[in-house]
Amino acid sequence: MFDRLPPLQTLRAFEATGRLLSMTLAAEELHVTHGAVSRHIKTLEDHLGVALFLRLTRRIVLTAEGAAFLVVVTRVLTELTRSAESLRGPKSAGRLTISTGISFASKWLGPRLHRLMARHPELDVHLDITDTNVDLSNGQIDAAVRYGVGRYPHVVAERILEETITPVCSPAYRARMGGLPSVESLAACRLLHEDRLVYDDRMLANWERWFAMAGVDGAPRGRGPIYSHGSMATEAAIRGEGVALGRSALVAEDLAAGRLVAPFPQLRLNSERGYDLVYRPGNRDQPKVCAVRDWLADEIRQFLGDAD
């Protein structure tokens, strides 16, 4: 009976591609080439005798058969992962791996991680830093904190922190620019931009949207460098290189320490994005996930209290 099963590598490629709806992203996640993923999918489709994806001009979508099969494959791979974790014994049980993005890790999560380790000395805490949405089904990552609109296929996502944005700069830069007495005075400033590597940026908070919210027409464009990460734009602002749109979680510590100032603190734009705790379905009550959730809840309560 088992000799008719598809090769395991084809199922892994199918699960990642079906979850991400992208062979390119699946290849990045599995650390193989796009061609390898494509060949695995073709092998699996030939083995099953059905098409699992529709190849459109610039995207792929699951067929009805593919969507149904993805549910089964995800469940089976998850069960295999759980069984493997249980066989690894205490060493695996004591390792807690959290994945998060570069900016959030450097400006918010990383500086607080020591308190999680102090609360749970029995856990061997590892921080996996990447802006790619990692595969949670293989058991290597226990939980992730992701920045976005909260839609992540085939996983559970709990919104833990909303985000607002407002201009920030160094105290010296504000003084050099005459104190920035009005929003209009930003027209003379170098504006620092963040160009996040996202696949759907229609809801991305940017300078144009902030100026519109502030009631200023004809917002200046292209007046400064573009950074791939919010933390990089924040660091440039700290160095006095211009005014950045400060994302609330990323600039809070620097504002409190006086490295940054917010010239217009009352003008905050809801970014419509935020941070979500993400984990595998069925793992809500798993001890390591509970440890992360409870610790994050306490940290965020403190963070929001300090921000008030």
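Note that this is a predicted model, so its numbers are computed, not measured. (Residues numbered from 1 in each chain as written. Predicted model: local features only at pLDDT ≥ 70, side-chain atom pairs only at ≥ 80, totals over all residues. Heavy atoms only, no water.)

Student: I tried to follow the overall build of the chain on my own but got confused; where do I start?
Tutor: Helix and strand counts for the chain come out as 11 helices and 10 strands. Out of the 308 residues in the chain, the part that is buried amounts to 47%. Intrachain contacts of the chain at a sequence separation of at least 6 include 76% that bridge at least 24 residues. Within the structure as shown, the chain displays about 15700 Å² of accessible surface, and the carbon and sulfur contribution to it stands at 55%. Taking the average place of the 38 positive charges on the side chains of the chain and the average place of its 37 negative ones, the gap between the two points comes to 2 Å. (Helix = DSSP H or I, 4+ residues; strand = E, 2+ residues; numbered from the N terminus. Buried < 20%, exposed > 50% of the residue type's maximum accessible area, 1.4 Å probe, protein only. Contact = heavy atoms within 4.5 Å. Areas by Shrake-Rupley, 256 points an atom, 1.4 Å probe, with all protein chains shown as cover. Lys, Arg positive; Asp, Glu negative; His and termini not counted. Charge placed at Lys NZ, Arg CZ, Asp CG, Glu CD.)

Student: Please clarify how the pairing of strand β7 (residues 191-194) should be interpreted in this entry.
Tutor: Consecutive side chains of a regular strand alternate in pointing toward one face of the sheet and then the other. Looking at chain direction, β7 and strand β9 (residues 243-247) are connected through 2 bridges and run parallel. The partner of Leu191 across the bridge, within β9, is Val243. Note that β7 and strand β8 (residues 226-227) share 2 bridges and pair parallel. Looking at β8, one finds that His193 is bridged to Ile226. (Pairing = 2+ DSSP bridges.)

Student: Before we go on, may I ask you to explain the pattern of salt bridges in this structure?
Tutor: If the charged atoms of two oppositely charged side chains come close together, the side chains can form a pair. For the coordinates displayed, the defined rule picks out 21 salt bridges. As a salt-bridge pair, Arg293 and Glu158 come within 3.2 Å of each other at their nearest N and O atoms. In this pair, Arg293 is assigned in helix α11 (residues 287-307) and Glu158 in strand β6 (residues 156-168), connecting sequence segments 135 residues apart. Judged on exposure class, the residue Arg293 and its partner Glu158 are both buried. Note that Glu272 and Arg209 form a salt bridge whose closest N and O atoms lie 3.0 Å from each other. One end of the pair, Glu272, is in strand β10 (residues 269-279); the other, Arg209, is in helix α8 (residues 207-213), with 63 residues separating them in the sequence. According to the relative accessible area criterion, Glu272 is partly exposed, its value standing at 41%. (Salt bridge = Lys/Arg side-chain N within 4 Å of Asp/Glu carboxyl O.)

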